[in-house]
Amino acid sequence: MKVVIDGLNWIAGLGPMCMMPIIMFVIGLCMRVKLSTLLKSSITTGVGFCGVNLIINTFISEVGPSVTEMVKRFGLHTDIMDVGWPARAAATWAYPLAAVVVFVILGLNILMLVLKLTNCVMVDFWSYNHFIFCAAICYYASGSAIVGLVAGAVCAAITFKLADWTQPVVEKAFGLPGVSFPTSNSISWAPLAYLLNKLYDRIPGLNKVNADPESIQKKFGVLGEPLMIGTILGAAFGILGGNDVGGVLKVAMYTAATMVLTPKMMQVLMEGLIPFADAIKELLNSKFAGNNFHIGIDAALTIANPSCIAVGILMVPTTILLAAALPFNRLLPISDIAYQAMWLSAYPVAFSKGNVVRSYISCVIFTCIMLFIATALAPVHTSLAVAGGYNLAGASLVSTEDAGTHLLSYLLNLIAGLFH
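Residues numbered from 1 in each chain as written. Predicted model: local features only at pLDDT ≥ 70, side-chain atom pairs only at ≥ 80, totals over all residues. Heavy atoms only, no water.

Visitor: How do you make sense of the overall build of the protein chain when you look at a structure like this?
Guide: Within the protein chain one finds 19 helices and six strands. Buried residues in the protein chain amount to 55% of all 420 residues. The contacts of the protein chain with a sequence gap of at least 6 include a subset with a gap of at least 24, amounting to 80%. Accessible area of the protein chain: about 17,600 Å², with a carbon and sulfur share of 69%. (Helix = DSSP H or I, 4+ residues; strand = E, 2+ residues; numbered from the N terminus. Buried < 20%, exposed > 50% of the residue type's maximum accessible area, 1.4 Å probe, protein only. Contact = heavy atoms within 4.5 Å. Areas by Shrake-Rupley, 256 points an atom, 1.4 Å probe, with all protein chains shown as cover.)

Visitor: Just to check I follow, could you spell out the UniProt feature "transmembrane region" (unreviewed entry) in the protein chain for this structure?
Guide: The UniProt entry lists residues 12-31, 43-60, 93-115, 127-160, 220-239, 308-328 and 359-380 under the feature "transmembrane region" (unreviewed entry), expressed in the numbering used here. End C-alpha atoms of residues 359-380 are separated by 31 Å, and the span's content is 95% helix alongside 0% strand. (UniProt positions renumbered as here; feature names shortened; annotations may be inferred.)

Visitor: Where do I start with the packing of aromatic side chains in this structure?
Guide: What describes a pair of aromatic rings is the distance from one ring centre to the other and the angle between the planes of the rings. In total, this model carries 11 aromatic pairs according to the counting rule given. Aromatic pair Phe131 and Phe160: ring centres 6.0 Å apart, planes at 75°, arrangement edge-to-face. You can see Phe131 sitting in helix H6 (residues 128-142) and its partner Phe160 sitting in helix H7 (residues 145-174), a full 29 residues away along the chain. Take Phe131: its relative accessible area is 0%, and that puts it in the buried class. On the accessibility criterion, Phe160 (0% relative accessible area) is buried. Both rings, one in Trp189 and one in Phe366, keep their centres 4.8 Å apart while their planes meet at 35°; by these two values the pair is tilted. With Trp189 in the loop between helix H8 (184-187) and helix H9 (190-200) and Phe366 in helix H16 (residues 356-376), this pair connects stretches of sequence that are 177 residues apart. Here the two residues Trp189 and Phe366 agree in accessibility, since each one is buried. These aromatic residues form a ring-pair network of at least three members: Trp165, Tyr194, Tyr347 and Phe351. (Phe/Tyr/Trp six-rings, centres within 6.5 Å; stacked < 30°, edge-to-face > 60°.)

Visitor: Explain the pattern of salt bridges here, please?
Guide: Here the idea is simple: oppositely charged side chains can pair when their charged atoms come close. For the structure shown, the criterion picks out one salt bridge. Ionic pairing is found between Arg358 and Asp201, a salt bridge with its closest N-O pair at 2.9 Å. With Arg358 in helix H16 and Asp201 in the loop between H9 and helix H10 (213-220), this pair connects stretches of sequence that are 157 residues apart. Looking at Arg358, the relative accessible area reads 8%, which means it is buried. (Salt bridge = Lys/Arg side-chain N within 4 Å of Asp/Glu carboxyl O.)

Put into structure tokens, the structure is as follows:
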């Protein structure tokens, strides 16, 4: 078991730019994909991930200080430190039964495919850490390893079914044929996003607002272009963060660059991913006639969508305001603020057909729930981090926005607590 965990941690430690090409290459070899297609697809996908990471990480490093200063200005005081999703994932993989969960979920996915209970082929092995996280927190809630394993399997099964349901809308909204996003920290919000969008259809005024990027650009001209939206939002961040003129200009330019360059890197990533996905689907469909398989990968790919980027950037200051205003919140949201805002926007954007206004409202609602869950899970999150050898650096409690996005896992955690 330790060898498996060490191997997975080593691959994960290389980052998605290396991890995904390795996973794709190994799976492609097993599925007998043409070597030339496989090699080119794997490397191109890695280059795309590299480009996206460079842009987003630069955005965080350059705009982050302004957000931190905004926190000080708003007087936000909390006692739960946000250690970021990488720390949460690392602690999760250190869970003693992590390897068991991996094999249980892998076997479950194969069984569901054979029994035609799902068409989702989960190839994103890194995202298995979401199911491990569910198993781990349910173990701590119940005191039973069996309850934890069952909870992890239930989380995976529901996630695969949600991926089946959302695949058509994902394909249409993000231009990803034959691809789904069975990552539980994102797809758990899909039913609520769907219901909220139906509600907006019944609200006078709101149901008439067309606020997808194309409509915004058409209405506002040059000011509606992603380039200008990013510049304006970035300038606002710089001013609110107390920067001088030069600092405001830098933050504005980095935000504009994020809006413009991320979708272009997404195009590179898709040049690699789509031929691989098509080859896998063709092979599977030829062997299992009548099935319509789709490839399950990380929902992080949605952050290159213009609407997701716009909503995500708007949610950065909004999250700070909510964290300061909500009486139940004790988390200081810093480490994950840009990533989680964009991931949470995926299904609101998909169901609203890119409507930025509707998606923003949904994300405000989601973020309120997310902060509640992140605060509620702090004790078990801290126990998991300590067991994983994480240095708390003097903090009594730690949690993450990422933990708060695991809506399904939190609900299963509540049920698991009944078995304690």
